[in-house]
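# Breakdown of the fold
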Amino acid sequence: MSKLAKYDRLYAQLENYVRSTPDIWARLATIEAVLHHKMPAFFWTGVYVLVEGELIVRSYQGPVACQKLKSHTGVCWAAIDTGKTVIVGNVEEFPGHIACNSASKSEIVIPLRDREGNIFGCLDIDSDSYNTFDEEDEKGLVKILSLLYI
């Protein structure tokens, strides 16, 4: 099964789950859990949110995470600051990478936006293998994140 087909299948599954509540945090936690357990390459799957100008972990699946990320440093802040998805094939080559867990080798971070389009955080997914993520992952994950506001 192709990656996009798998994301489409997960979208359909998640669509049923998230309809049980309009609460965005419950929806994000459910999305994280399903992605983490259904995508074998996902070593860490979580959400960081902006709280008074700082990126604070909100919820996640996987090993213990950094609670707060150093301001405007690393992959998550790059996605927040640019407003664009950041895909990193080898985190050791990313300037200012924050190593919350040394087993993480590659990463994708997608900014999270509210209904008005303002960034309020990011979905952060790490893999313990190099070059795990690509544009297909971005496309599938962005589609899944659209479930926050159905």
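Everything below is about the structure shown above.
Reference entry: report on the structure contained in this document. (Residues numbered from 1 in each chain as written. Predicted model: local features only at pLDDT ≥ 70, side-chain atom pairs only at ≥ 80, totals over all residues. Heavy atoms only, no water.)

## So, the packing of aromatic side chains
Short version of the rule: A pair of aromatic rings is counted whenever rings of Phe, Tyr or Trp (Trp by its six-membered ring) have centres within 6.5 Å, and the orientation is called stacked for planes under 30 degrees apart, edge-to-face for over 60 and tilted otherwise. Helix numbers and strand numbers start at the N terminus; a helix is a DSSP run of H or I with at least 4 residues, a strand a run of E with at least 2. Should the NZ of a Lys or the CZ of an Arg lie within 6 Å of a ring centre and within 35 degrees of the ring normal, that charge is described as sitting over the ring.
According to the stated counting rule, one finds 4 aromatic pairs in the structure shown. Seen from their ring centres, Trp25 and Phe120 are 5.9 Å apart, and the 90° between their planes marks the pair as edge-to-face. Separated by 95 residues along the polypeptide, Trp25 in helix α2 (residues 24-38) and Phe120 in strand β6 (residues 119-127) bring together distant segments of the chain. One aromatic cluster in this structure is built from Trp44, Tyr48 and Tyr60. Sitting above the plane of the Trp25 ring, Arg58 keeps its charged end 3.9 Å from the centroid.

## Topic: the environment of Cys122
The condition that has to hold: Whether two residues are in contact is decided by their heavy atoms, any of which lying within 4.5 Å being enough.
The residue Cys122 is located in strand β6 in this model. Separated by 68 residues in sequence, Cys122 and Glu54 have C-alpha atoms that sit 12 Å apart. Discounting residues that sit within four places of it in the chain, Cys122 has contacts with Gly46, Val47, Tyr48, Cys76, Ile80, Val109, Ile110, Pro111 and Leu112.

## Here we look at the side chain of Asp137
We apply this condition: The buried label goes to any residue with under 20% of its type's maximum accessible area, the exposed label to any with over 50%, and the partly exposed label to all in between, with areas taken from a 1.4 Å probe on protein chains only. The term polar contact refers here to a pair of N or O atoms within 3.5 Å; inside protein, the definition further demands a hydrogen-donor-capable atom paired with an acceptor-capable atom, and it admits residues adjacent in sequence only when both atoms are side-chain atoms.
Relative to the helices and strands, Asp137 resides in helix α4 (residues 135-145). What makes Asp137 buried here is its relative accessible area of 2%. Looking at Asp137, its side chain comes within polar contact range of the side chain of Lys3, at 2.6 Å. In contact with Asp137, not counting residues within four places along its chain, are Lys3, Tyr7, Ile108 and Thr132.

## A few points about helix α3 (residues 74-82)
Taken together, the buried positions of α3 are Gly74, Val75, Cys76, Trp77, Ala79 and Ile80. Contacts from the buried residues of α3 go to β1 (44-51), β2 (54-61), β3 (68-69), β4 (86-88), β5 (106-113) and β6. After α3 finishes, the residue Gly83 shows a positive phi value of roughly 75°.

## Notes on the pattern of salt bridges
For clarity, the threshold we go by: By convention in these notes, a salt bridge is any Lys or Arg side-chain nitrogen within 4 Å of a carboxyl oxygen on Asp or Glu.
Following the criterion strictly, the structure yields 6 salt bridges and no others. Of the charged contacts, one joins Glu92 and Lys105 as a salt bridge, the two residues approaching to 3.7 Å between their closest N and O atoms. Of this pair, Glu92 sits in the loop between β4 and β5 while Lys105 sits in the loop between β4 and β5, placing them 13 residues apart in sequence. Each of the salt bridges in this network shares a partner with another, and the network as a whole consists of Lys3, Asp134 and Asp137.

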